Amino acid sequence: MTISSKDIRYWVGFSLIPGIGRVRFSKLENYFGNMEDAWNATPTDLKQSGLDGSIVRAIASWRPRISLDEETEKLERYDVKALTCHDADYPARLKEIYDYPPLLYIRGSLIPEDEWCLAVVGTRRATVYGKQVAEEIVSDLVQSNITIVSGLAKGIDSVAHQSALDAGGRSLAICACGLDYIYPSENTGLARRIMQQGALISEYPLGTRPRAEYFPRRNRIMSGLSLGVLVVEAGESSGATITANLTLEQNREVFAIPGSILSPASQGTNYLIQEGAKLVRDFKDILEELNLTAVARQMELKEFIPQSDTESALLKQLTAEPIHIDQVCHLSGLPISTVSSTLAMMELKGLVKQVGAMNYSLAREVREEYQLRVE
(Lines give C-alpha, C1' and ligand atoms only; values in the text may rest on other atoms or scores of the structure.)
Protein backbone atom coordinates (compact mmCIF):
# COMPACT_ATOMS: atom_id res chain seq x y z
CA MET A 1 0.00 0.00 0.00
CA THR A 2 1.28 3.46 -0.91
CA ILE A 3 -0.17 6.67 0.45
CA SER A 4 -0.91 9.31 -2.21
CA SER A 5 1.11 12.53 -2.23
CA LYS A 6 -2.13 14.35 -1.48
CA ASP A 7 -2.79 12.33 1.68
CA ILE A 8 0.84 12.57 2.87
CA ARG A 9 0.28 16.31 3.42
CA TYR A 10 -2.16 15.45 6.19
CA TRP A 11 0.16 12.89 7.77
CA VAL A 12 2.80 15.62 7.89
CA GLY A 13 0.27 18.03 9.38
CA PHE A 14 -0.63 15.64 12.19
CA SER A 15 3.05 14.91 12.87
CA LEU A 16 3.46 18.60 13.76
CA ILE A 17 0.90 18.34 16.55
CA PRO A 18 2.47 17.28 19.89
CA GLY A 19 1.11 14.09 21.39
CA ILE A 20 0.10 12.30 18.19
CA GLY A 21 2.10 9.11 17.80
CA ARG A 22 1.53 5.64 16.47
CA VAL A 23 -1.54 4.77 18.54
CA ARG A 24 -3.40 8.00 17.81
CA PHE A 25 -2.46 7.92 14.12
CA SER A 26 -3.98 4.42 14.02
CA LYS A 27 -7.18 5.59 15.72
CA LEU A 28 -7.59 8.46 13.25
CA GLU A 29 -6.91 6.27 10.23
CA ASN A 30 -9.14 3.41 11.39
CA TYR A 31 -12.05 5.71 12.11
CA PHE A 32 -11.87 8.14 9.18
CA GLY A 33 -10.28 5.90 6.57
CA ASN A 34 -7.81 8.56 5.45
CA MET A 35 -5.94 11.46 6.98
CA GLU A 36 -7.58 14.14 4.85
CA ASP A 37 -10.98 13.43 6.41
CA ALA A 38 -9.37 13.25 9.84
CA TRP A 39 -7.69 16.63 9.29
CA ASN A 40 -10.99 18.24 8.37
CA ALA A 41 -13.00 16.51 11.11
CA THR A 42 -14.95 18.38 13.78
CA PRO A 43 -13.98 18.07 17.46
CA THR A 44 -17.03 15.87 17.99
CA ASP A 45 -15.94 13.46 15.24
CA LEU A 46 -12.38 13.45 16.59
CA LYS A 47 -13.68 12.41 20.01
CA GLN A 48 -15.73 9.65 18.42
CA SER A 49 -12.55 8.30 16.82
CA GLY A 50 -11.29 7.51 20.31
CA LEU A 51 -9.07 10.53 21.01
CA ASP A 52 -9.21 11.98 24.50
CA GLY A 53 -10.26 15.57 25.12
CA SER A 54 -6.75 16.99 25.61
CA ILE A 55 -5.59 15.74 22.20
CA VAL A 56 -8.78 16.97 20.51
CA ARG A 57 -8.13 20.42 22.01
CA ALA A 58 -4.50 20.27 20.86
CA ILE A 59 -5.61 19.48 17.29
CA ALA A 60 -8.14 22.31 17.35
CA SER A 61 -5.46 24.70 18.60
CA TRP A 62 -2.65 23.66 16.22
CA ARG A 63 -4.56 22.99 13.02
CA PRO A 64 -5.29 26.65 12.08
CA ARG A 65 -1.60 27.52 12.56
CA ILE A 66 -0.29 24.84 10.20
CA SER A 67 -0.02 25.57 6.49
CA LEU A 68 0.16 22.26 4.64
CA ASP A 69 1.31 24.06 1.49
CA GLU A 70 4.22 25.65 3.36
CA GLU A 71 5.18 22.33 4.93
CA THR A 72 5.15 20.66 1.51
CA GLU A 73 7.31 23.43 0.09
CA LYS A 74 9.80 23.05 2.97
CA LEU A 75 10.11 19.33 2.32
CA GLU A 76 10.82 20.01 -1.35
CA ARG A 77 13.33 22.75 -0.50
CA TYR A 78 15.36 20.44 1.75
CA ASP A 79 14.84 17.44 -0.54
CA VAL A 80 13.19 15.48 2.26
CA LYS A 81 10.79 12.62 1.60
CA ALA A 82 7.97 11.82 4.02
CA LEU A 83 7.46 8.07 4.27
CA THR A 84 4.40 6.58 5.98
CA CYS A 85 4.32 3.18 7.63
CA HIS A 86 2.18 1.97 4.70
CA ASP A 87 4.73 2.81 2.01
CA ALA A 88 6.65 -0.01 0.35
CA ASP A 89 9.96 1.76 1.09
CA TYR A 90 9.26 1.94 4.83
CA PRO A 91 11.82 -0.34 6.54
CA ALA A 92 10.04 -3.66 7.17
CA ARG A 93 12.07 -4.55 10.25
CA LEU A 94 11.28 -1.23 11.93
CA LYS A 95 7.58 -1.86 11.59
CA GLU A 96 7.98 -5.02 13.68
CA ILE A 97 8.59 -3.06 16.90
CA TYR A 98 5.66 -2.00 19.06
CA ASP A 99 6.28 1.75 19.02
CA TYR A 100 7.27 2.20 15.38
CA PRO A 101 7.11 5.75 13.98
CA PRO A 102 3.99 6.19 11.80
CA LEU A 103 5.90 8.70 9.66
CA LEU A 104 9.58 8.90 8.79
CA TYR A 105 11.41 11.79 7.19
CA ILE A 106 14.21 10.73 4.83
CA ARG A 107 16.99 12.92 3.44
CA GLY A 108 18.99 10.77 1.06
CA SER A 109 17.94 7.32 -0.10
CA LEU A 110 16.95 3.93 1.26
CA ILE A 111 17.67 0.89 -0.90
CA PRO A 112 16.66 -2.79 -0.48
CA GLU A 113 20.21 -3.75 0.52
CA ASP A 114 19.87 -1.56 3.62
CA GLU A 115 17.79 -4.36 5.10
CA TRP A 116 21.14 -5.92 6.03
CA CYS A 117 22.13 -3.29 8.55
CA LEU A 118 23.78 -3.16 11.96
CA ALA A 119 23.67 -0.31 14.47
CA VAL A 120 27.03 0.73 15.92
CA VAL A 121 26.91 2.92 19.02
CA GLY A 122 29.16 4.04 21.82
CA THR A 123 30.43 6.81 24.01
CA ARG A 124 30.94 10.37 22.84
CA ARG A 125 34.28 10.31 24.70
CA ALA A 126 35.83 7.49 22.74
CA THR A 127 39.34 6.29 23.51
CA VAL A 128 42.02 5.60 20.91
CA TYR A 129 41.27 1.88 21.40
CA GLY A 130 37.53 2.39 20.83
CA LYS A 131 38.05 4.44 17.69
CA GLN A 132 40.50 1.91 16.25
CA VAL A 133 38.23 -1.06 16.94
CA ALA A 134 35.16 0.72 15.54
CA GLU A 135 37.01 1.69 12.37
CA GLU A 136 38.37 -1.80 11.74
CA ILE A 137 35.16 -3.72 12.42
CA VAL A 138 32.94 -1.29 10.52
CA SER A 139 35.27 -1.36 7.51
CA ASP A 140 35.16 -5.16 7.47
CA LEU A 141 31.36 -5.23 7.85
CA VAL A 142 30.98 -2.84 4.93
CA GLN A 143 33.10 -5.13 2.79
CA SER A 144 30.50 -7.79 3.62
CA ASN A 145 27.75 -5.49 2.32
CA ILE A 146 26.41 -4.49 5.74
CA THR A 147 24.89 -1.00 6.03
CA ILE A 148 25.96 0.84 9.18
CA VAL A 149 23.37 2.63 11.33
CA SER A 150 24.27 5.14 14.02
CA GLY A 151 23.18 8.40 15.62
CA LEU A 152 25.52 11.07 14.14
CA ALA A 153 26.78 11.91 17.65
CA LYS A 154 30.38 12.70 18.54
CA GLY A 155 32.74 9.84 19.35
CA ILE A 156 31.95 6.27 18.30
CA ASP A 157 28.88 7.26 16.23
CA SER A 158 30.95 9.59 14.07
CA VAL A 159 33.74 7.03 13.67
CA ALA A 160 31.20 4.38 12.62
CA HIS A 161 29.62 6.61 9.96
CA GLN A 162 32.99 7.87 8.70
CA SER A 163 34.52 4.41 8.49
CA ALA A 164 31.55 3.04 6.56
CA LEU A 165 31.70 5.86 4.04
CA ASP A 166 35.49 5.74 3.69
CA ALA A 167 35.22 2.02 2.91
CA GLY A 168 32.79 2.76 0.09
CA GLY A 169 29.76 1.51 2.00
CA ARG A 170 26.42 2.88 3.08
CA SER A 171 25.39 4.48 6.34
CA LEU A 172 22.11 5.63 7.90
CA ALA A 173 22.05 8.34 10.55
CA ILE A 174 19.06 8.50 12.90
CA CYS A 175 18.51 12.08 14.07
CA ALA A 176 16.80 13.45 17.17
CA CYS A 177 15.62 16.61 15.41
CA GLY A 178 14.14 17.80 12.13
CA LEU A 179 16.32 17.16 9.09
CA ASP A 180 16.76 20.89 8.48
CA TYR A 181 19.05 20.83 11.55
CA ILE A 182 22.34 18.95 11.81
CA TYR A 183 23.31 18.07 15.36
CA PRO A 184 26.05 18.39 16.35
CA SER A 185 26.84 21.16 13.88
CA GLU A 186 30.46 20.04 13.48
CA ASN A 187 29.13 16.92 11.74
CA THR A 188 27.57 18.92 8.91
CA GLY A 189 30.15 17.70 6.40
CA LEU A 190 29.71 14.12 7.56
CA ALA A 191 25.93 14.46 7.26
CA ARG A 192 26.29 15.60 3.64
CA ARG A 193 28.37 12.51 2.85
CA ILE A 194 25.80 10.27 4.52
CA MET A 195 23.06 11.77 2.33
CA GLN A 196 25.13 10.80 -0.72
CA GLN A 197 25.88 7.25 0.49
CA GLY A 198 22.79 6.54 2.56
CA ALA A 199 20.29 8.68 4.40
CA LEU A 200 19.51 10.91 7.34
CA ILE A 201 16.35 9.64 9.04
CA SER A 202 14.07 11.24 11.63
CA GLU A 203 10.56 10.85 12.98
CA TYR A 204 10.51 14.57 13.77
CA PRO A 205 9.13 17.10 11.26
CA LEU A 206 11.20 19.94 9.83
CA GLY A 207 11.70 22.77 12.28
CA THR A 208 12.11 20.48 15.30
CA ARG A 209 15.16 21.41 17.34
CA PRO A 210 17.09 18.70 19.21
CA ARG A 211 16.00 18.17 22.81
CA ALA A 212 17.43 15.89 25.48
CA GLU A 213 14.29 13.73 25.69
CA TYR A 214 14.34 13.06 21.95
CA PHE A 215 17.61 11.10 22.02
CA PRO A 216 16.37 8.04 23.96
CA ARG A 217 13.34 7.97 21.64
CA ARG A 218 15.65 8.12 18.64
CA ASN A 219 17.55 5.09 19.93
CA ARG A 220 14.55 2.77 19.50
CA ILE A 221 14.62 3.55 15.76
CA MET A 222 18.32 2.72 15.51
CA SER A 223 17.83 -0.67 17.11
CA GLY A 224 14.46 -1.28 15.45
CA LEU A 225 15.91 -0.83 11.96
CA SER A 226 18.80 -3.16 12.58
CA LEU A 227 19.56 -6.85 12.80
CA GLY A 228 21.46 -6.06 15.96
CA VAL A 229 23.46 -3.44 17.81
CA LEU A 230 27.21 -3.36 18.38
CA VAL A 231 28.27 -1.38 21.46
CA VAL A 232 31.91 -0.43 21.09
CA GLU A 233 32.51 1.64 24.24
CA ALA A 234 30.01 2.81 26.84
CA GLY A 235 29.88 4.01 30.40
CA GLU A 236 27.90 2.07 32.97
CA SER A 237 24.84 4.33 32.45
CA SER A 238 24.85 5.77 28.95
CA GLY A 239 22.79 6.22 25.82
CA ALA A 240 24.56 3.24 24.27
CA THR A 241 23.49 0.92 27.09
CA ILE A 242 19.94 2.30 26.80
CA THR A 243 20.03 1.38 23.12
CA ALA A 244 21.28 -2.10 24.04
CA ASN A 245 18.37 -2.60 26.43
CA LEU A 246 15.90 -1.45 23.76
CA THR A 247 17.53 -3.90 21.37
CA LEU A 248 16.84 -6.80 23.71
CA GLU A 249 13.23 -5.67 24.16
CA GLN A 250 12.86 -5.67 20.37
CA ASN A 251 14.25 -9.20 20.15
CA ARG A 252 17.40 -8.09 18.35
CA GLU A 253 20.98 -9.21 18.96
CA VAL A 254 23.34 -7.24 21.21
CA PHE A 255 27.09 -7.32 20.56
CA ALA A 256 29.78 -5.71 22.68
CA ILE A 257 33.50 -5.05 22.44
CA PRO A 258 35.38 -6.08 25.59
CA GLY A 259 37.73 -3.58 27.19
CA SER A 260 39.99 -2.98 30.14
CA ILE A 261 38.32 -3.32 33.53
CA LEU A 262 40.24 -0.17 34.46
CA SER A 263 38.72 1.93 31.68
CA PRO A 264 35.49 3.86 32.45
CA ALA A 265 34.68 3.68 28.72
CA SER A 266 34.49 -0.13 28.92
CA GLN A 267 32.41 -0.51 32.07
CA GLY A 268 29.15 -0.57 30.11
CA THR A 269 30.34 -3.00 27.44
CA ASN A 270 31.91 -5.38 29.95
CA TYR A 271 28.67 -5.35 31.93
CA LEU A 272 26.64 -6.13 28.78
CA ILE A 273 28.90 -9.10 28.06
CA GLN A 274 28.47 -10.29 31.63
CA GLU A 275 24.70 -10.07 31.14
CA GLY A 276 24.76 -12.15 27.96
CA ALA A 277 25.74 -9.85 25.07
CA LYS A 278 27.83 -11.52 22.38
CA LEU A 279 31.52 -10.78 22.89
CA VAL A 280 33.01 -9.56 19.61
CA ARG A 281 36.63 -10.15 18.62
CA ASP A 282 36.18 -9.28 14.96
CA PHE A 283 33.47 -8.78 12.34
CA LYS A 284 33.17 -12.54 11.71
CA ASP A 285 31.69 -13.02 15.18
CA ILE A 286 28.83 -10.71 14.19
CA LEU A 287 28.19 -12.32 10.81
CA GLU A 288 28.20 -15.80 12.30
CA GLU A 289 25.81 -14.89 15.10
CA LEU A 290 23.39 -13.31 12.63
CA ASN A 291 23.76 -16.21 10.17
CA LEU A 292 24.94 -13.73 7.56
CA THR A 293 28.20 -15.38 6.58
CA ALA A 294 26.63 -17.16 3.60
CA VAL A 295 24.50 -14.15 2.66
CA ALA A 296 27.45 -11.81 2.75
CA ARG A 297 29.46 -14.29 0.72
CA GLN A 298 26.76 -14.53 -1.96
CA MET A 299 26.45 -10.76 -2.16
CA GLU A 300 30.21 -10.37 -2.42
CA LEU A 301 30.36 -12.76 -5.36
CA LYS A 302 28.17 -10.39 -7.33
CA GLU A 303 30.87 -7.77 -6.95
CA PHE A 304 33.56 -10.12 -8.28
CA ILE A 305 32.31 -9.64 -11.81
CA PRO A 306 34.41 -6.90 -13.45
CA GLN A 307 32.41 -3.71 -13.84
CA SER A 308 34.41 -2.38 -16.80
CA ASP A 309 36.91 -3.43 -19.48
CA THR A 310 39.64 -1.74 -17.43
CA GLU A 311 38.84 -3.82 -14.34
CA SER A 312 38.78 -6.95 -16.47
CA ALA A 313 42.18 -6.11 -17.97
CA LEU A 314 43.74 -5.52 -14.55
CA LEU A 315 42.25 -8.67 -13.01
CA LYS A 316 43.99 -10.72 -15.72
CA GLN A 317 47.37 -9.38 -14.54
CA LEU A 318 46.83 -10.05 -10.84
CA THR A 319 47.42 -13.30 -8.96
CA ALA A 320 48.08 -14.37 -5.40
CA GLU A 321 51.65 -13.14 -5.79
CA PRO A 322 52.13 -9.39 -5.21
CA ILE A 323 52.93 -7.36 -8.32
CA HIS A 324 54.08 -3.75 -8.43
CA ILE A 325 51.78 -1.18 -10.00
CA ASP A 326 54.46 -0.29 -12.59
CA GLN A 327 54.48 -3.91 -13.76
CA VAL A 328 50.67 -3.90 -13.95
CA CYS A 329 50.87 -0.83 -16.20
CA HIS A 330 53.46 -2.49 -18.41
CA LEU A 331 51.51 -5.75 -18.77
CA SER A 332 48.12 -4.12 -19.31
CA GLY A 333 49.36 -1.30 -21.53
CA LEU A 334 47.28 1.20 -19.53
CA PRO A 335 48.50 4.59 -18.25
CA ILE A 336 49.52 4.89 -14.59
CA SER A 337 46.67 7.31 -13.78
CA THR A 338 44.05 4.84 -15.03
CA VAL A 339 45.64 1.86 -13.29
CA SER A 340 46.06 3.73 -10.01
CA SER A 341 42.48 5.02 -9.81
CA THR A 342 40.97 1.70 -10.93
CA LEU A 343 43.00 -0.33 -8.45
CA ALA A 344 41.91 2.03 -5.68
CA MET A 345 38.25 1.42 -6.53
CA MET A 346 38.83 -2.33 -6.84
CA GLU A 347 40.43 -2.32 -3.41
CA LEU A 348 37.33 -0.65 -1.94
CA LYS A 349 35.19 -3.35 -3.53
CA GLY A 350 37.36 -6.08 -2.03
CA LEU A 351 38.57 -7.31 -5.42
CA VAL A 352 42.25 -6.64 -4.79
CA LYS A 353 44.44 -5.75 -1.85
CA GLN A 354 47.53 -3.61 -1.55
CA VAL A 355 50.20 -5.47 0.36
CA GLY A 356 52.60 -2.55 0.73
CA ALA A 357 54.90 -0.37 -1.40
CA MET A 358 52.30 -0.18 -4.20
CA ASN A 359 52.28 -3.95 -4.67
CA TYR A 360 48.90 -5.53 -5.35
CA SER A 361 47.51 -9.05 -5.26
CA LEU A 362 44.16 -10.59 -6.02
CA ALA A 363 41.89 -11.02 -3.00
CA ARG A 364 41.66 -14.68 -2.02
CA GLU A 365 37.91 -14.96 -2.59
CA VAL A 366 38.14 -13.24 -5.95
CA ARG A 367 41.05 -15.44 -6.97
CA GLU A 368 38.96 -18.54 -6.33
CA GLU A 369 35.79 -17.31 -8.01
CA TYR A 370 37.13 -15.18 -10.87
CA GLN A 371 39.76 -17.67 -11.99
CA LEU A 372 37.15 -20.43 -12.05
CA ARG A 373 35.07 -18.28 -14.39
CA VAL A 374 37.90 -17.45 -16.80
CA GLU A 375 38.92 -21.12 -16.94
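See above for the structure.
Scoring rules and cut-offs
- Residues numbered from 1 in each chain as written.
- Predicted model: local features only at pLDDT ≥ 70, side-chain atom pairs only at ≥ 80, totals over all residues.
- Heavy atoms only, no water.
- Helix = DSSP H or I, 4+ residues; strand = E, 2+ residues; numbered from the N terminus.
- Areas by Shrake-Rupley, 256 points an atom, 1.4 Å probe, with all protein chains shown as cover.
- Lys, Arg positive; Asp, Glu negative; His and termini not counted.
- Charge placed at Lys NZ, Arg CZ, Asp CG, Glu CD.
- Pairing = 2+ DSSP bridges.
- Buried < 20%, exposed > 50% of the residue type's maximum accessible area, 1.4 Å probe, protein only.
- Arc of directions from axis to C-beta.
- Contact = heavy atoms within 4.5 Å.
- 1 Å grid on protein atoms, 1.4 Å probe; cavity = no way out; pocket = protein on both sides within 12 Å on 5 of 7 lines; lining within 4 Å.
- Points joined across faces, edges and corners; volume = space filled by probe spheres on them.
- Nonpolar A, V, L, I, M, F, W, Y, C, P; charged D, E, K, R; others polar.
- Phe/Tyr/Trp six-rings, centres within 6.5 Å; stacked < 30°, edge-to-face > 60°.
- Lys NZ or Arg CZ within 6 Å of the ring centre and 35° of its normal.
- Patch = residues over 30% accessible without salt bridge, like charges linked within 9 Å, V, L, I, M, F, W, Y side chains within 5 Å.
- Salt bridge = Lys/Arg side-chain N within 4 Å of Asp/Glu carboxyl O.

Caption draft 1: Spatial organisation of the overall build of the protein. Within the protein, the regular secondary structure consists of 18 helices and 12 strands. Over its C-alpha atoms, taken along the principal directions, the protein stretches across nearly 80 × 50 × 35 Å. When the accessible surface of the protein is totalled, it reaches about 17700 Å², and 49% of it is carbon and sulfur. The positive charge centre, built from 39 side chains, and the negative charge centre, built from 48, are 5 Å apart in the protein.

Caption draft 2: How the structure looks around the pairing of strand E11 (residues 352-356). Examined bridge by bridge, E11 and strand E12 (residues 359-362) share four bridges and lie antiparallel to one another. Among the inter-strand pairings, Gln354 is bridged to a residue of E12, identified as Tyr360.

Caption draft 3: Structural context of helix H12 (residues 267-274). Every buried residue belonging to H12 is among Gly268, Thr269 and Leu272, and all of these are buried. Angularly, the buried residues of H12 cover 95° about the axis, an arc narrow enough to put them on a single face. Looking at the buried positions of H12, the neighbouring elements they touch are strand E7 (228-231), helix H11 (239-249) and strand E8 (253-256).

Caption draft 4: Structural context of the layout of surface pockets. Its volume calculated, the second largest pocket comes out at about 550 Å³. Lining the second largest pocket are 26 residues, with Ser15, Ile17, Gly19, Ile20 and Tyr204 positioned closest to its centre. Elements with a contribution of two residues or more to the lining of the second largest pocket: helix H2 (22-32) and helix H10 (214-225). For the lining of the second largest pocket, the class distribution of residues is 15 nonpolar, five polar and six charged.

Caption draft 5: Local environment of empty space enclosed by the protein. Taken as a whole and judged by the stated rule, the model has one cavity of 30 Å³ or more. Of the voids in this model, the largest cavity is the one considered here, and its volume is about 70 Å³. In terms of lining, the largest cavity is formed by Arg124, Gly151, Leu152, Ala153, Ile174, Cys175, Ala176, Cys177, Tyr183, Pro184, Phe215 and Arg218. By residue class, the composition of the lining of the largest cavity is nine nonpolar, one polar and two charged.

Caption draft 6: Spatial organisation of the packing of aromatic side chains. Tallied over the full model, the rule gives six aromatic pairs. The interplanar angle of 85° and the centroid separation of 5.1 Å between the aromatic rings of Phe14 and Trp39 together place this pair among those described as edge-to-face. Of this pair, Phe14 sits in helix H1 (residues 5-15) while Trp39 sits in helix H3 (residues 35-39), placing them 25 residues apart in sequence. According to the relative accessible area criterion, Phe14 is buried, its value standing at 0%. The rings of Trp11, Phe14, Phe25 and Trp39 are connected pair by pair, giving a single aromatic cluster. The ring of Tyr98 carries the charged tip of Arg22 above its face, separated from the ring centre by 4.5 Å.

Caption draft 7: Highlighting a negative patch on the surface. On the surface, a cluster of negative charge is made up of Glu135, Glu136, Asp140, Asp282 and Glu288. With three residues, helix H7 (residues 128-143) is the largest single contributor of residues to the negative patch. Mapped onto the elements of the fold, Asp140 is located in helix H7. Classification of Asp140 as partly exposed rests on a relative accessible area of 33%.

The analysis is restricted to geometry; functional conclusions fall outside its scope.
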